[in-house]
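# Structural overview
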Amino acid sequence: MTYVEDELRTQPECWTRAASQAPSHRAVLPAPGERVALVGCGTSYYMARAAAALRESTGQGETDAFAASEFPYGRRYDRVVALTRSGTTTEVLELLGKVRGRVRTTAVTADPDTPVRDAADDLVVLDYADERSVVQTRFATTALTLLRAHLGLHTDAAVTDARAALTAELPQDLVGRAQFAFLGRGWTVGLADEAALKLREAAGAWTESYPAMEYRHGPISVTTHSTATWMIGEAPPGLAEQVRATGAAWIGGALDPLAELVRAQRLAVAVAAARGLDPDRPRHLTRSVILAP
């Protein structure tokens, strides 16, 4: 078993633990009414986008999400929350350094013994969700679960669905598909982006991701019988039928959206195995991007 397979299977336990710990972190996570920016790189950026959409949808305050390298320093925020598994990513550390003293910062990390400990004002440590694989799975979803629980949006049903996602058979004939498209709405757009990233990282697959209503505005033109189109969350009316009419496989998301992401993680591993690739060691990637000064 690869590291990533082992790590993604522990997600139900990690989510339960993060949700139970959320109240103890209340003081360093965004308070209702604060204007907040969530930042990250790669997978952490997509989790930031999902969390930002969730927070705004509950009316708890204006919430933006940015790739750390694209942070708008001219805007005013009450708090910046950085998601960083390694605590060493150059863009995140540079951002935290630039805003220090002007805005309160919180870092959610898996490793407290890294530079982020001194770069952020406050630290939330999810060391039990750390990973050996380059490809992120459990840290990303555990960090998002922590934020969902902080917003009062986590339920035990998500954990139950995650267990189902780990045991149920993947949809038939998916592994051999040539193209994968993931769709989302609202907060699940970030999850769709992350699902596509997993297929690219682990399996070198041709993957795309879109807001579901945008799929008709161009992307569906390249959809064929070799495409699998996977909806994370509730689909817009009529879209499934329109996709099936192209000859593509339509995968409807019946589980909690975060559990659907777990299924996509499993698909990435399965496609990698079918292609003879090692999902723990993706081409041209490292666990953390550390740039020379």
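Relevant structure appears above.
Below is a short write-up of the structure. (Residues numbered from 1 in each chain as written. Predicted model: local features only at pLDDT ≥ 70, side-chain atom pairs only at ≥ 80, totals over all residues. Heavy atoms only, no water.)

## As for the packing of helix H2 (residues 11-21) against helix H6 (residues 138-150)
In the contact formed by H2 and H6, the axes pass within 8 Å of each other and the chain directions differ by 35°. Considering the relative orientation of H2 and H6, their crossing is right-handed. Each of Gln-11, Cys-14, Trp-15, Ala-18 and Ala-19 in H2 lies in contact with H6, whose residues at this interface are Arg-138, Thr-141, Thr-142, Thr-145, Leu-146 and Ala-149. Residues that form the contact of H2 with H6 fall into these classes: six nonpolar, four polar and one charged. (Axes fitted to C-alpha atoms, helices over the stretch in contact; angles between N-to-C directions. Helix = DSSP H or I, 4+ residues; strand = E, 2+ residues; numbered from the N terminus. Left-handed = near helix turned anticlockwise from the far one by under 90°. Contact = heavy atoms within 4.5 Å. Nonpolar A, V, L, I, M, F, W, Y, C, P; charged D, E, K, R; others polar.)

## Considering the nonpolar core
Counting 65 residues, the largest nonpolar core has Val-108, Phe-182 and Leu-191 as the members making the most contacts within it. Top contributing element to this core by residue count: helix H10 (residues 257-274), with ten residues. Apart from the residues within four sequence positions on either side, Leu-191 is in contact with Met-47, Ala-50, Leu-144, Ile-232, Pro-257, Leu-258 and Leu-261. In this structure, Phe-71, Ala-82, Leu-96 and Val-103 belong to the second largest nonpolar core, which totals 17 residues. (Core = buried A, V, L, I, M, F, W, Y, C linked by side-chain atoms within 4.5 Å. Buried < 20%, exposed > 50% of the residue type's maximum accessible area, 1.4 Å probe, protein only.)

## Observations concerning the packing of aromatic side chains
All told, the structure shown has seven aromatic pairs when counted by the stated rule. Taking the centre distance of 5.9 Å and the plane angle of 50° together, the rings of Tyr-210 and Tyr-215 count as tilted. Under the relative-accessibility criterion, Tyr-215 is labelled buried at 0%. The ring of Tyr-77 has Arg-35 sitting right over it, with the charged end atom 4.9 Å from the ring centre. (Phe/Tyr/Trp six-rings, centres within 6.5 Å; stacked < 30°, edge-to-face > 60°. Lys NZ or Arg CZ within 6 Å of the ring centre and 35° of its normal.)

## Here's the deal with the packing of helix H3 (residues 43-57) against helix H8 (residues 188-203)
Between H3 and H8, the least distance of the axes is 7 Å, while the angle of their chain directions is 160°. Between H3 and H8, the angle is such that the two are roughly antiparallel. The crossing of H3 and H8 is left-handed. Two secondary-structure elements touch here, H3 through Thr-43, Tyr-46, Met-47, Arg-49 and Ala-50 and H8 through Val-189, Gly-190, Leu-191, Asp-193, Glu-194, Leu-197 and Lys-198. For the contact of H3 with H8, the per-class residue count stands at six nonpolar, two polar and four charged. (Parallel < 35°, antiparallel > 145°, perpendicular 65-115°, else oblique.)

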